[in-house]
Amino acid sequence: MSSGPAAPDWPAAPQALPRHQGPAEGLPLHDSATLRRWEAEAARGLPPHALMARAGAAVARLGRALAPHARQVWVLAGAGNNGGDGLVAARLLQAAGLRVRVWLAAEPASGDARWALAQARAAGLAVLPGGPPQPPADLGPDDLVIDALLGLGLSADRAPAGPVAAAMDALDRLPAGILAVDLPSGLIADTGGCAGRAVRARWTLSLLGLKPGLWTAAGRDHAGAIWHEDLGAPAPAEATTPRLLDAPACAGRWPQRPHAAHKGSQGDLWAVGGAAGLSGAIELAARAGLAAGAGRIHAVRLDPAAAPPSHPALMSRTPQALQGEALARATVVAGCGGGAAIGAWLPALIHGAPRLLLDADALNALAADPALAQALRLRRTSAVLTPHPLEAARLLGCTTEAVQADRLAAVRQLAQRYGAMVVLKGSGSVLAAPDGRCAINASGNAALASGGTGDVLAGWIGGLWAQGLDAWDALRLGVWSHGAAADAWQADRGPGQPLDALRLIEALQDLPRR
Ligand SMILES: NC(=O)C1=CN([C@@H]2O[C@H](COP(=O)(O)OP(=O)(O)OC[C@H]3O[C@@H](n4cnc5c(N)ncnc54)[C@H](OP(=O)(O)O)[C@@H]3O)[C@@H](O)[C@H]2O)[C@@H](O)CC1
Ligand SMILES: Nc1ncnc2c1ncn2[C@@H]1O[C@H](COP(=O)(O)OP(=O)(O)O)[C@@H](O)[C@H]1O
Ligand SMILES: [K+]
């Protein structure tokens with residue numbers, strides 16, 4: 001082995017997520033500008049190349065742990081520092097006795113990466129820049145591939161072309177597991193979008209900080225299992241950084257149910273919607289509120305011709321019943337299957353309901369009527385909005401593509417514009433409050449992509465909120481546990497199994513409350 005830095009002095013093994021011991025509000029997720037500042041500050045206090053040496057060593061060590069039966073490793077390195085990390089890992093893996101081949105996109109430009117290349121060559125690795133990316137012919141499923149093509153320095157506005165694109169093509173066709181260095185190449189750290197395309201990794205080792213884009217939009221499909229290595233560099237304090245919403249961040253947040261609890265002490269949930277032909281949505285929301293543990297559940301049908309709820313524990317109500325004392329005590333979930341009729345009831349609900357969640361057609365009514373939006377902003381108590389991307393686009397007056405291109409920006413804008421707490425649903429749901437708090441949900445999967453699961457979410461959050469949680473806690477816990485129930489379902493049955501809305505309610509009931 002060459003005379004590189006002496007044994008790299010990283011402090012701890014990379015951390016697997018989500019088994020972390022993070023802060024109660026969730027692990028911080030850092031944007032790329034903060035990561036760049038963090039990197040520069042850390043580098044100032046360390047000998048030359050130390051950060052890259054630590055990063056490469058962490059990649060090598062994790063690679064060996066994840067692919068313990070690998071006999072050979074193929075490292076694809078770009079010309080930037082991401083490639084430099086890959087070159088360090090290549091050298092260390094070779095020193096550990098593995099057969100290592102390296103493909104390098106081009107001669108590196110930065111001092112750190114040039115140093116890593118020189119070290120790799122001195123260790124006897126044949127690394128010539130360019131040339132077609134040819135995987136080793138006998139690369140097998142137990143072997144390891146390291147994606148060190150592009151990291152934080154990705155230019156998001158151009159799709160990879162030339163040699164890097166050819167390397168990505170080669171990565172698409174491999175039998176072996178891919179470990180992405182810092183980010184799956186092509187994934188945009190801040191948004192989870194792709195610069196035209198991105199590598200699909202089996203694992204990603206996120207360096208220094210965790211990036212929001214690993215958890216939302218396309219991130220979940222490309223990052224695989226996410227690991228973290230902070231390189232021993234203390235994180236900058238960023239009060240408004242989005243937080244990762246995962247099991248540890250929700251532990252101990254469930255509503256309490258004292259021994260002497262009775263239905264009157266566990267809150268009144270009113271689910272308002274149920275236009276003709278859409279009564280299933282209101283029933284799903286009401287059943288989810290019941291499963292969440294709310295004391296009394298009232299299902300309000302806006303159209304008397306709509307079918308009454310079929311579950312015997314649900315009380316069927318007319319909209320006129322929701323006023324006076326009843327309204328003043330109510331947690332109201334409005335809009336599931338509401339049709340156009342919900343609009344007429346919103347002024348009274350916005351004015352009178354102390355806890356109000358708007359979903360589906362209530363959101364469409366809100367988007368169409370500036371007076372409702374103004375009334376919502378003037379409310380003195382919390383409101384929650386639960387749009388999917390199309391509803392969010394209507395509320396913001398933009399396209400769904402614009403919402404999805406930067407989900408964090410969209411949800412923050414919604415929270416500001418409507419003075420409400422908002423969850424923008426979809427793969428990696430993002431949450432924001434008007435005071436700047438923000439989170440990305442780590443749970444959930446495509447089993448939820450079926451009609452009615454959003455109605456369940458609305459009723460489930462409402463049912464938790466009705467039991468005395470504050471609005472942000474109810475929203476966080478509701479969104480995370482909704483996804484966690486789908487994860488538990490999928491863990492039992494394997495991926496690809498859809499989860500219908502009624503089964504989802506059962507899965508929510510089965511979820512341990514810890
Ligand atoms: N910061 C940290 O936390 C730490 C950083 N570290 C590591 O450094 C990484 C960041 O390194 P970085 O800044 O050198 O950028 P990087 O990701 O290698 O990309 C630049 C290269 O990609 C190319 N390229 C860009 N866009 C492209 C596109 N669309 N399509 C095709 N090519 C494109 C670009 O080419 P060019 O624009 O010059 O043509 C250039 O060659 C970071 O992710 C982590 O791994 C650790 O060592 C220590 C802690
Ligand atoms: N691919 C996915 N990954 C994670 N969650 C998903 C996925 N697809 C859908 N969901 C979740 O399922 C729910 C669907 O809500 P919504 O689109 O309002 O459905 P509906 O209106 O039919 O009830 C949301 O909570 C959303 O976050
Ligand atoms: K990478």
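Quick caveat, the model's predicted, so the values are computed rather than measured. (Residues numbered from 1 in each chain as written. Chains lettered and ligands numbered in written order. Predicted model: local features only at pLDDT ≥ 70, side-chain atom pairs only at ≥ 80, totals over all residues.)

So, on to the overall build of the protein chain. The helix and strand tally for the protein chain stands at 18 helices and 17 strands. Across its three principal directions, the C-alpha atoms of the protein chain cover 80 × 40 × 40 Å. Considering only contacts within the protein chain whose residues lie at least 6 apart along the sequence, 74% involve residues at least 24 apart. (Helix = DSSP H or I, 4+ residues; strand = E, 2+ residues; numbered from the N terminus. Contact = placed C-beta atoms within 7 Å.)

When you line up the elements, Ile226 lands in strand E7 (residues 225-229). With 23 C-beta atoms counted inside 10 Å, the residue Ile226 sits in the buried group. Sequence separation of Ile226 and Arg202 is 24 residues, and the distance between their C-alpha atoms is 8.9 Å. (Buried ≥ 20, exposed ≤ 12 C-beta atoms within 10 Å, placed from the backbone.)

On to the site of ligand 2, then. Lys425, Gly444, Leu448, Ala449 and Gly454 are the nearest of the 18 residues found near ligand 2. By residue number, the principal contributor to the shell around ligand 2 is helix H16 (residues 453-466), which donates four residues. Broken down by class, the residue content of the shell around ligand 2 amounts to five nonpolar, eleven polar and two charged. (Near = placed C-beta within 6 Å. Nonpolar A, V, L, I, M, F, W, Y, C, P; charged D, E, K, R; others polar.)

This next bit is on the site of ligand 1. Surrounding ligand 1, one finds 28 residues, the nearest of these being Gly80, Asn81, Asn82, Gly151 and Gly153. Among the elements of the structure, helix H1 (32-44), helix H2 (50-66) and helix H3 (81-95) are those that each provide at least two residues to the shell around ligand 1. When residues of the shell around ligand 1 are assigned to their parent elements, the largest contribution, four residues, is made by H3. Considered class by class, the residues forming the shell around ligand 1 number 14 nonpolar, nine polar and five charged.

Here we come to the pairing of strand E6 (residues 203-207). Extensive coverage of E6 is indicated by the burial of five of its five residues. Both E6 and E7 contribute to a ladder of five bridges, which runs parallel. Paired with Ser206 across the strands is His228, a residue of E7. (Pairing = 2+ DSSP bridges.)

Another point: unusual backbone geometry. The backbone of His49 sits at a positive phi, close to 70°, despite the residue not being glycine. Note that His49 resides in the loop between H1 and H2. A positive phi angle, close to 60°, is found at Leu208, a residue other than glycine. Among the secondary structure elements, Leu208 is positioned in the loop between E6 and helix H6 (219-223).

Burial of the side chains of strand E17 (residues 438-441) extends over both faces: Cys438 and Ile440 are buried on one face and Ala439 and Asn441 on the other. With three bridges connecting them, strand E8 (residues 243-245) and E17 associate as parallel partners. When the bridges of E17 are listed, Arg243 appears paired with Ala439. In this sheet, E17 lies alongside strand E16 (residues 430-432) in antiparallel orientation, the contact comprising three bridges. Bridged to Leu431 within E17 is Ala439. In textbook terms, the turn of a hairpin is the stretch between consecutive antiparallel strands, and for E16 and E17 this stretch comprises five residues, one of which, Gly436, has a positive phi near 105°.

This part covers the environment of Thr381. Turning to its location among the elements, Thr381 is positioned in the loop between helix H12 (370-378) and strand E14 (383-385). A sequence separation of 28 residues divides Thr381 from Ala353, and the C-alpha atoms of the two residues are 8.7 Å apart. Leave out the neighbours within four places in its chain, and Thr381 touches Pro354 and Arg355.

Before going further, it helps to examine the sheet that holds E8. Judged by pairing direction, the sheet is mixed, and its ten strands sit side by side in the order E8-E17-E16-E15-E14-E13-E12-E9-E10-E11 without closing on themselves. Of all the strands in the sheet, just E8 and strand E11 (315-317) have a single pairing partner and so form its edges. Ignoring strand direction, the axes of neighbouring strands in this sheet form an average angle of 20°. Examined bridge by bridge, strand E15 (residues 421-424) and E16 share three bridges and lie antiparallel to one another. Bridged to Leu424 within E16 is Val430. On the sheet, helix H8 (residues 279-292) packs against strand E9 (268-273), strand E10 (296-301) and strand E12 (330-334) and is oriented at approximately 170° with respect to E10. (Axes fitted to C-alpha atoms, helices over the stretch in contact; angles between N-to-C directions.)

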